[in-house]
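# Chain and residue survey
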Amino acid sequence: MAEATKTTKKPAPRKKAAAAAAAAEVVAAGSDNTAEAKSRFNAALEEAKAGAAALKTEAGERAKAYRQQATERGDDWATEVKQYGEQAKGKAGELATEGKGKVAEALSALGKAVFDTAPTVDDKLGAKYGDYARTASRSLQETSAKLDAKSVDELGEDARQFVRKSPGLAVGIAAVGGFLLARMFRGRKD
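Now for a look at the structure at hand.

The rules behind these values
Residues numbered from 1 in each chain as written. Predicted model: local features only at pLDDT ≥ 70, side-chain atom pairs only at ≥ 80, totals over all residues. Heavy atoms only, no water. Helix = DSSP H or I, 4+ residues; strand = E, 2+ residues; numbered from the N terminus. Contact = heavy atoms within 4.5 Å. Patch = residues over 30% accessible without salt bridge, like charges linked within 9 Å, V, L, I, M, F, W, Y side chains within 5 Å. Areas by Shrake-Rupley, 256 points an atom, 1.4 Å probe, with all protein chains shown as cover. Salt bridge = Lys/Arg side-chain N within 4 Å of Asp/Glu carboxyl O. Phe/Tyr/Trp six-rings, centres within 6.5 Å; stacked < 30°, edge-to-face > 60°. Buried < 20%, exposed > 50% of the residue type's maximum accessible area, 1.4 Å probe, protein only. Lys, Arg positive; Asp, Glu negative; His and termini not counted. Charge placed at Lys NZ, Arg CZ, Asp CG, Glu CD.

On to the overall build of the protein chain. Looking only at helices and strands, one finds five helices and zero strands in the protein chain. The linear arrangement of helices and strands in the protein chain, starting from the amino end, is α-α-α-α-α. Across the protein chain, every contact between residues at least 6 apart in sequence was considered, and the portion connecting residues at least 24 apart equals 53%.

Here's what the structure looks like:
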C-alpha cells in the first residue's frame, strides 16, 4: 500500500505542474484576448468618433446650404415685394392724378351750371340771390383751377397742414364724407 500511496502522490505534483502550466496558458491566452479585445474596442471607438465628426461636418454643410438657400429666397422675395410696392405706388399716383382731374372737372362743371342758372335766380328770387349764385360759381371755378394746378403731393401736404391746424374739424369732415360715401354705396346695392 505504501507503494500505491507513493504512486498516487507522485503524479499529483505533475498534475499540479500541468494544471499550473495550463492555467498560465489560459491566463496568457486571456491576456492576449483581453489585449485584442481592448485593441478592437479602441479601434471601434475611434471609428465611431470619426463617424460622428463626419456626420457633424456633413450636418454643418447642409445647414449652411439651407441657410444660403433661405437667404437667397428671402432676398428674391424682398426684391419682388419692393417691385410690387413700386408698381402699387406708381398705380396709386396715376389713380390719384386721374381722380384729381375728375374732381376738378366736376367742380368746374358745377360752377358753370350754377353760373348758367344765375339769370333764372335773378328773375325768380331777385338780383341779390343771383349775385350769390354768381359768387358761388366763381368760387367753384377758382377752386377747380387751384385743384387742377396743384400736384397730388401738394394736395396731400395741404391736407396734412389742415389736419394739424384743425384736427376736430378734419375728423368731422371725414365722418360726414364717410357717411355720404356709405349712403351712396348702400343706395347702389339696393
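On the surface, Phe 162, Val 163, Leu 169 and Ile 173 cluster together to form a nonpolar patch covering roughly 350 Å² of accessible area. Of all elements in the fold, only helix H4 (152-165) and helix H5 (167-189) reach the threshold of two or more residues within the nonpolar patch. Among the structural elements, Val 163 can be located in helix H4.

Between two aromatic rings, the relevant description is the distance of the centres plus the angle of the planes. Across all of its chains, the model carries one aromatic pair by this definition. For the pair Tyr 129 and Tyr 132, a centre-to-centre distance of 6.0 Å together with 70 degrees between the ring planes defines the contact as edge-to-face. One end of the pair, Tyr 129, and the other, Tyr 132, are both in helix H3 (residues 127-149), three residues apart, so they sit about a helical turn from each other.

Here Ser 137 shows up in helix H3. Assessed through its relative accessible area of 3%, Ser 137 is described here as buried. Apart from residues lying up to four places away in sequence, Ser 137 is in contact with Gly 111, Lys 112, Val 114 and Phe 115.

Let us look at the pattern of salt bridges. All chains considered together, the criterion is met by nine salt bridges. Between Asp 116 and Lys 112 there is a salt bridge, with its nearest N and O atoms 3.6 Å apart. Of this pair, Asp 116 and Lys 112 both sit in helix H2 (residues 11-125), separated by four residues, roughly a single helical turn. We classify Asp 116 as partly exposed; its relative accessible area is 46%. Note that Arg 134 is salt-bridged to Asp 122, the shortest N-O span being 2.3 Å. Placement of Arg 134 in helix H3 and of Asp 122 in helix H2 is noted, with a sequence separation of twelve residues between them. Note on Arg 134: relative accessible area 23%, which makes it partly exposed. The partly exposed category is assigned to Asp 122, whose relative accessible area is 21%. Each of Asp 122, Asp 131 and Arg 134 takes part in one network of salt bridges that share partners.

Taken together, Glu 72, Asp 75, Asp 76 and Glu 80 make up a surface patch of like negative charges. Considering the arrangement of structural elements, one finds Asp 75 in helix H2. Residue Asp 75 is classed as partly exposed on the basis of its relative accessible area of 46%.

This next bit is on the environment of Gln 141. Within the secondary structure layout, Gln 141 lies in helix H3. C-alpha of Gln 141 to C-alpha of Phe 115: the two residues are 26 residues apart in sequence and 9.8 Å apart in space. The residues contacting Gln 141, other than those within four sequence positions of it, are Ser 108, Gly 111 and Lys 112.

Coordinates in, geometry out; function isn't part of it.
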